[in-house]
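Topology and contacts: notes
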Amino acid sequence: MIKIKAFAKINLILDLLGKRADGYHELRSVMQSVSLYDLITLKKNNLGVIQLTANKEITGNPEDNLAYRAAALFFTRLKKSDLGVDIYLDKNIPLAAGLAGGSADCAAVMAGLNKLFAANLSQRDLADLAATLGSDIPFCLSGGTMLAEGRGEKLTPLPFLGSFHGLLLKPPFPISTAKVYQAVPKNKVLSPAQNIPELYWRGGLRLDELQNNYRNELYLYAREIEPQIAVFLAEVKETKPAVCQMSGSGPTIFAFYLTKKERNKALDQLKAEEVYGMETLPHGLEFSII
Ligand code: C5P
C-alpha cells in the first residue's frame, strides 16, 4: 500500500503568448507548489479492476475521473490488463478552482503506481504519459518552482522560490478553464516587455522582491466571465497582504504575508469564506510506503 500527498499549485506569473493551431494557448508561467494537499491511497487488488472511492461524492462517471484515467492509462502503457488497484481520494483541494487539484491527483496516481508495481518508468516517460491527460499534470509530478511553457507541459526547473506564509481563498463558484481560455482574443500576442523576471532564475526571493514581480493575464478574462472575482480579490486585499493574485484560470485567490502571525490574522479576518492557510513547498508529491 502506498499513500501520496498531492499538493496544489499556484501561478506566480501567467503570460499568454497567443493561440495555437491545436486550439490550446501558448503560455509562459511560473508555477509553485503549495502545502494544501489531497491524500491518495493506492492498494493492489487481485480483481484486475480499478476501483475508485473518495471522501466526497465523485460527480459523474468514475471512469471519467482523472485519477481513474491515470491508472487505466498507466496499466495500458505497461501492457498489463490483469493489474488492479483500489484508489481512495481524500480530497481537500477545491475543484475547478485554478489550483490543479484534479491534475495533482492524476500525477499522484501515476507516480504512485510506478512505485507500487515497481514499473521503473522514468520521470520523462511519466511526464509524457501525464501530458496526454492534461496540461498541468507534468508539473504536478515534480512540483516545486518551475517555468512552464508550451501549453504548460514544457517544464524548466527553477531554484526554489523561498518559503512564504500564505492563504488561499476559494470563491463560492467554480470556473471552467476552457471557458476562460475561450474569452482570450484570437489575435492576442505577448508584449515585448514581458520576460520572466531574472529573480526567478536566482531563487530564494524576499517577499519585497516578489511583490513587484507577479502577474496573471488570465485574470482579465476570468473576471469577464465571473465579475464577482474582483469582489473576493478586494476582500483579500483588505487584509494587507504583500502579494495577492488569482491563480491559474481562477477563481481561487492566493496571498502571501510577511509573517505567519499576519497570515493567521488574515485567516481569522476571512473566516466567513472558504479559506486555507498554506506555505510554499519545493516539491509536488510526498510518498509513504506502508
Ligand atoms: O489541458 P487541460 O485539460 O487542463 O485544459 C483544459 C482546457 O483549457 C483545454 O481544453 C483548453 O480549452 C484550455 N487550455 C488552453 N491553453 C492551455 C491550457 C488549457 O487553451 N495552455
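Bear in mind that the values here come from a model prediction, so they are computed numbers and not experimental data.

The next point concerns the nonpolar core. Ile40, Leu42, Phe75, Val85, Ile87, Val109 and Leu113 are the most contacted members of the largest nonpolar core, which has 42 residues in total. A per-element tally of this core places helix H2 (residues 101-116) first, with nine residues. Setting aside residues up to four positions removed in sequence, valine 85 forms contacts with Leu42, Lys43, Lys44, Asn45, Val49, Ile50, Gln51, Ala71, Phe75, Leu113 and Leu116. Of all hydrophobic cores here, the second largest spans 27 residues; its members include Ile10, Ala97, Phe164 and Leu168.

Lining the immediate surroundings of the ligand are Gly23, Tyr24, His25, Leu27, Gly134, Ser135, Arg151, Thr177, Ala178 and Tyr181. Serine 135 places a side-chain nitrogen or oxygen 2.5 Å from an oxygen atom of the ligand. Here arginine 151 contributes a backbone N or O atom positioned 3.0 Å from a nitrogen atom of the ligand. The protein chains hide 73% of the 450 Å² of surface that the ligand would expose on its own. No other element matches the three residues that helix H5 (residues 177-182) contributes to the shell around the ligand. Of the residues assigned to the shell around the ligand, the class counts are four nonpolar, five polar and one charged.

Along strand S5 (residues 145-149), four of the five residues are buried, which leaves the element largely enclosed by surrounding structure. Pairing of S5 with strand S6 (residues 154-157), which is carried by four bridges, proceeds in the antiparallel orientation. Note on S6: the bridge partner recorded for methionine 146 is proline 157. Connecting S5 to the antiparallel partner S6 that follows it, the hairpin turn spans four residues, and glycine 150 within it adopts a positive phi of roughly 70°.

Moving on to the layout of surface pockets. The space that makes up the second largest pocket amounts to roughly 180 Å³. Gln123, Arg124, Ala127, Asp128, Ala131, Pro138, Leu141, Ser142, Met146, Glu153 and Leu155 together form the lining of the second largest pocket. Going through the elements one at a time, helix H3 (123-131) and helix H4 (137-142) are the ones with two or more residues in the lining of the second largest pocket. It is H3 that provides the largest number of residues to the lining of the second largest pocket, a total of five residues. Along the lines of polarity and charge, the residues of the lining of the second largest pocket split into six nonpolar, two polar and three charged.

On inspection of all chains with the given rule, the structure shows six aromatic pairs. Here the aromatic rings of phenylalanine 74 and phenylalanine 75 are separated by 6.3 Å at their centres, their planes lie at 65°, and the arrangement is edge-to-face. Residue phenylalanine 74 shares its accessibility class with phenylalanine 75, and that shared class is buried. Seen from their ring centres, phenylalanine 75 and phenylalanine 117 are 5.5 Å apart, and the 90° between their planes marks the pair as edge-to-face. Of this pair, phenylalanine 75 sits in helix H1 (residues 66-78) while phenylalanine 117 sits in the loop between H2 and H3, and the two are 42 residues apart along the sequence. Residue phenylalanine 75 shares its accessibility class with phenylalanine 117, and that shared class is buried. Taken together, the ring pairs in this structure connect Phe74, Phe75 and Phe117 into an aromatic cluster. Of note, lysine 115 hangs over the ring of phenylalanine 287, and the distance from its end group to the ring centre comes to 4.6 Å. Over the ring of tyrosine 24 we find arginine 151, and its NZ or CZ is 4.9 Å from the ring centre.

Analysis parameters
Along each chain, numbering runs from 1 in the same order as the chain's sequence is written. At least 70 in pLDDT is required for a residue's local features to be given in this predicted model, at least 80 for side-chain atom pairs to be given and counted, and no such filter applies to totals for whole chains, interfaces and linings, which use all residues. Side-chain metrics in this entry use all non-hydrogen atoms of the structure; hydrogen atoms and water are not considered. Only buried residues count toward a nonpolar core, which is a set of Ala, Val, Leu, Ile, Met, Phe, Trp, Tyr and Cys residues joined through side-chain atoms within 4.5 Å. Burial status follows relative accessibility: with a 1.4 Å probe on protein chains alone, a residue under 20% of its type maximum counts as buried, one over 50% as exposed, and anything between as partly exposed. Labels follow the DSSP assignment, with helices taken as runs of H or I lasting at least four residues and strands as runs of E lasting at least two, numbered in each case from the N terminus. A contact between two residues is defined here by any heavy atoms of the two lying within 4.5 Å. Being near a molecule or strand, for a residue, means having at least one of its heavy atoms within 4 Å of it. In the analysis that follows, any N or O atom pair within 3.5 Å is treated as a polar contact, provided that within protein one partner can donate a hydrogen and the other can accept it, and provided that, for residues neighboring in sequence, both atoms belong to side chains. Surface accessibility in these figures is a Shrake-Rupley result with a 1.4 Å probe; residues are shielded only by whichever protein chains are displayed. When residues are grouped by polarity, Ala, Val, Leu, Ile, Met, Phe, Trp, Tyr, Cys and Pro land in nonpolar, Asp, Glu, Lys and Arg in charged, and all others, Gly among them, in polar. Two strands make a pair as long as DSSP finds a minimum of two bridges between them. The rule is simple: put a 1 Å grid over the protein atoms alone, call a set of points where a 1.4 Å probe fits but cannot get out a cavity, call an open set with protein on both sides within 12 Å along at least five of seven lines a pocket, and count a residue as lining if it has an atom within 4 Å of a point. Grid points are joined across faces, edges and corners, and a volume is the space filled by probe spheres set on the points. Only Phe, Tyr and Trp rings are paired, with Trp represented by its six-membered ring, and only when their centres lie within 6.5 Å; those with planes under 30 degrees apart are stacked, over 60 edge-to-face, the remainder tilted. For a ring to carry a charge above it, either NZ of a lysine or CZ of an arginine must fall within 6 Å of the ring centroid while also lying within 35 degrees of the normal to the ring plane.

None of the figures reported here should be taken as evidence of function without further support.
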